[in-house]
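Structural characterization, general
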Amino acid sequence: MNTRYNDVTAVTTRREGSLWRAIGHLEGPQTIGRGPLFWGLVSLAIVAAAIYPLFADAWTVGNAAYFMVWTFMAMGLGVVWGYAGALSFGQTAFFGLAGYAYGVLTINIGTAYGFTIAAILLSILLAGLFALLIGYFMFYGRIRGVFIGIVTLSVTLVLETFMAQTAGPQWRIGEARLNGFNGMSGMPPLTIPWPGGDLALFPGRGFYYVLLGLVVACYLGLRMLLNARFGNVLVAIRENPHRAEMLGYDIRLYQTLAFGLGGALAGLSGALYTAWGQYITPSSMGLTAAALPIVWVAVGGRRDITATLLGTILVLAGFQSLTIYGSQYALVVMGSLLLLTVLAAPEGLIVAAMTGARSLWRRARR
Amino acid sequence: MTAILEVAGLRKSFGGVTVADGIDFVLERGAMHCLIGPNGAGKSSFFRLILGEHAPDAGRILFAGDDITALRSFQRIRRGISVKFQVPGIFKALSVRQNLEVAFQHHLHGQSLSATTRAMLEFAGLEHEADLQAGVLSHGQQQWLEIAMAVGVEPQLLLLDEPTAGMSPDETRKTGEMLHDLNDRGITILAVEHDMAFVEQISRRVTVLHFGSIFAEGTIAEIIDHPGVQEIYLGTADV
């Protein structure tokens, strides 16, 4: 061991440009993928996704948009569970809350002046604030481990039960009937102000491109966030919360913020889902709905945002194909897939495939 | 000399077990002080009280003249207290470099962070292990990594709970040199230690804790010559 502590203290703090630093965080220790090959593949995937609607019919494009709707909730769960180490079983609570909020707002106010966009933003805000509130009580109340799953599952099931009993005519907010177990419907789709007349984005190409842009922005934004100080601290908390606190980090604040971010992203999914299908029902917050995001994220790989995104789209596409043969049958396959992942590739199948491909590539170069 | 840490009338009990029984303790700024005592004397609990992991039943803790008794752990660390635990408290799944970066990114970014991380890797003798997972390091290397991380928060006071536990004699000697180096650069050190040869190597003053209270205090020679100290270690004193 030598003593270069002088050198350490001689290094002065220097703040590089924030923008360049943020862009630099697109690559880093908390995300798989770096270098020209990786970014070439990402660009190729985006271009392929962008030209895909030109070769597919409107129904298939709408279906692809449907898959993308869920990716925000999955990426949010990836942050909360994979990076911060808190398994939330109740992301659907924030999904459902934002979905209903979008419905209530747009049914009452309408689509003028691009209000549906404002409604989506307000729904995300509401879901994020609700998640911060729940997160505050959990993390500042020192709730840990499996109990986080129990609390969050309880929250979503309570919301489902509550919304399911709102069938009577007295259960309305302004013009919006909550409509109990049958759910709320009749809200307008996402509508964008446009010269010559508003663009109503029903499931189809327009909605698909909006979602594609959001998915790319969200994915890149999360990469930057997770490779920056925030993500590093989350991973440190996941690995050793005691040490993280003894490095001066307010771990409860970081966990609460991560949970709030996960809730806001689930809210984005919920609001977009409602705008996509123009309905939302209490079952979107039920047990089955709550379990599915965990399967998507676990199967893809919870500790890497790329794996989470890819895994979610692949599992959703597979799930929908299987549903043709029966929804219960598809759920059994989903459960089996989760068991297979836990037993054979606990880090996730996509992560295992990426790691395998990387070692093959290295072996081939020797 | 001014006091960096002042503890007055510190009491803490867990049910019928008293781990701090009215401790009065003053640590001078710039000191290199050891805390010894038999198992169960309350040494680690005393550290936990200083760090805010336990709330005292009574008493006050002053750090650099400010009362920190009501502050939470992370707030005390930000004031300038840092700690190395007995069992290496590192992030085993992360690389050695990432461990250091997490510790330093409080106050450093970009190139400054990279430069400091490189310098601290060299300081801890881990330049060649930078990209290894920290969990695969030897026990001694893990201890050094944790010391480097603890120093990374730029502390005024460094608490070390048995920093040489499980180390070979050579590793112990190197750790002693490392602590002298840090102390020479102005970091006050308070260490819990059982290895009397190591205590002799690093410490100018020693405090003996017994049953949660201060039993004796003085230079290493005074403590070795103290008639009661050997007896409490051998368990024969009626004190």
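Each remark here, short or long, concerns the structure printed above.
The following paragraphs examine the structure supplied in this document. (Residues numbered from 1 in each chain as written. Chains lettered and ligands numbered in written order. Predicted model: local features only at pLDDT ≥ 70, side-chain atom pairs only at ≥ 80, totals over all residues. Heavy atoms only, no water.)

Regarding the interface of chain A and chain B
Inclusion rule: Here a residue-residue contact requires only that any non-hydrogen atoms of the pair lie within 4.5 Å. Defined in terms of a 1.4 Å probe, buried area is the accessible area two parts forfeit on being brought together, summed over both. A pair is scored as a salt bridge if a Lys or Arg side-chain nitrogen falls within 4 Å of a carboxyl oxygen belonging to Asp or Glu. Whenever two N or O atoms come within 3.5 Å, that pair is a polar contact, provided that in protein one can donate a hydrogen and the other can accept it, and provided that, for residues adjacent in sequence, both atoms are side-chain atoms. Here a strand is any run of E in DSSP of at least two residues, a helix any run of H or I of at least four, and the numbering for each starts at the N terminus.
Each side of the interface is counted separately: chain A has 35 residues, and chain B has 47 residues. Regarding the contact of chain A and chain B, the summed buried area is about 3,700 Å², with carbon and sulfur atoms giving 58% of it. Between the two partners, chain A and chain B, sit two salt bridges. The partner of Arg-72 of chain B in a salt bridge is Asp-250 of chain A, with the nearest N and O atoms 3.1 Å apart. Remark: the boundary between chain A and chain B carries eleven residue pairs in polar contact (both at pLDDT 80 or more). Elements represented by at least two residues in the side of chain A that touches chain B include exactly α1 (5–10), α9 (229–239) and α10 (241–245) of chain A.

Quick word on the packing of aromatic side chains
Ring pairs (aromatic) are described by centroid distance and by the angle formed between their planes. Condition: Classification of ring pairs uses Phe, Tyr and Trp, with its six-membered ring standing for Trp, and accepts pairs whose centres are within 6.5 Å; under 30 degrees between planes counts as stacked, over 60 as edge-to-face, and the remaining range as tilted.
Applying the stated rule across the entire model yields 21 aromatic pairs over all chains. Clustering of aromatic rings is evident, with ring pairs tying together Tyr-66, Phe-67, Trp-70, Phe-95, Tyr-273, Trp-276, Tyr-279 and Trp-296 of chain A.

Points about the sheet that holds strand β1 (residues 3–14) of chain B
Residue and element names in this part refer to chain B. Note the threshold: Two strands form a pair only when DSSP identifies at least two bridges running between them. The axes used here are C-alpha line fits, helices contributing only the stretch in contact, and every angle between their N-to-C directions lies in the interval 0 to 180 degrees.
Taken together, the four strands give an open sheet; going across it, the order is β2-β1-β4-β5, and neighbouring strands pair in antiparallel fashion. Each end of this open sheet is capped by a strand with a single partner; those strands are β2 (17–28) and β5 (66–67). Here strand β4 (residues 58–63) pairs with β5 via two bridges, running antiparallel. Across the sheet, residue Phe-63 finds its bridge partner in β5, namely Asp-66. Set on the sheet, helix α1 (residues 43–51) makes contact with β1, β2 and β4; between it and β1 the angle comes to about 115°.

A few points about helix α4 (residues 58–83) of chain A
All names here are of chain A. Put simply, the rule reads: Expected helix span is taken as 1.5 Å per residue step, with the number of steps being one fewer than the number of residues. To get the bend at any residue, fit one axis to the seven residues that end at it and another to the seven that begin at it, then take the angle between the two axes. Exposure categories follow from relative accessible area, calculated using a 1.4 Å probe and restricted to protein chains: below 20% of the type maximum is buried, above 50% is exposed, and the middle band is partly exposed.
Its 26 residues place the ends of α4 37 Å apart at the C-alpha level, agreeing with the 38 Å of an ideal helix rising 1.5 Å per residue. When the local axis directions of α4 are compared, the greatest deviation, roughly 25°, occurs at Thr-71. Among the 26 residues that make up α4, 23 are buried, leaving the element largely enclosed by the rest of the structure. Where α4 starts, the residue carrying a side-chain oxygen 3.0 Å from the main-chain nitrogen of Trp-59 turns out to be Asp-57.

Remarks on the sheet that holds strand β10 (residues 213–219) of chain B
Residues and elements named next belong to chain B. In spatial order, the strands read β6-β7-β8-β3-β9-β10; together these six strands make up an open sheet with mixed pairing. With one partner strand each, in any of the chains shown, β6 (81–84) and β10 form the two edges of the open sheet. Direction aside, neighbouring strands of the sheet carry axes that sit 20° apart on average. Note: strand β9 (residues 205–210) against β10, six bridges, orientation antiparallel. Each residue of the ladder has a partner; that of Val-208, found in β10, is Ala-216. With respect to the sheet, α1 is in contact with β3 (32–36), β6, β7 (157–161), β8 (188–192) and β9, its orientation differing from that of β7 by roughly 150°.

Things to note about the pairing of β7 of chain B
All names here are of chain B. Put simply, the rule is: When the strands point away from the viewer and the connection leading from the first strand across the helix to the second strand turns clockwise, the crossover is called right-handed.
Burial within β7 is extensive, with five of its five residues counted as buried. Summarising the sheet, β6 and β7 pair through four bridges and their orientation is parallel. Along β7, the bridge assignment pairs Ile-81 with Leu-157. Of the pairings in the sheet, the one linking β7 to β8 comprises five bridges and is parallel in character. Looking at the pairing, Asp-161 lines up with Val-192 of β8. Each parallel crossover has a hand, and the one from β7 via helix α6 (residues 169–184) to β8 is right-handed.

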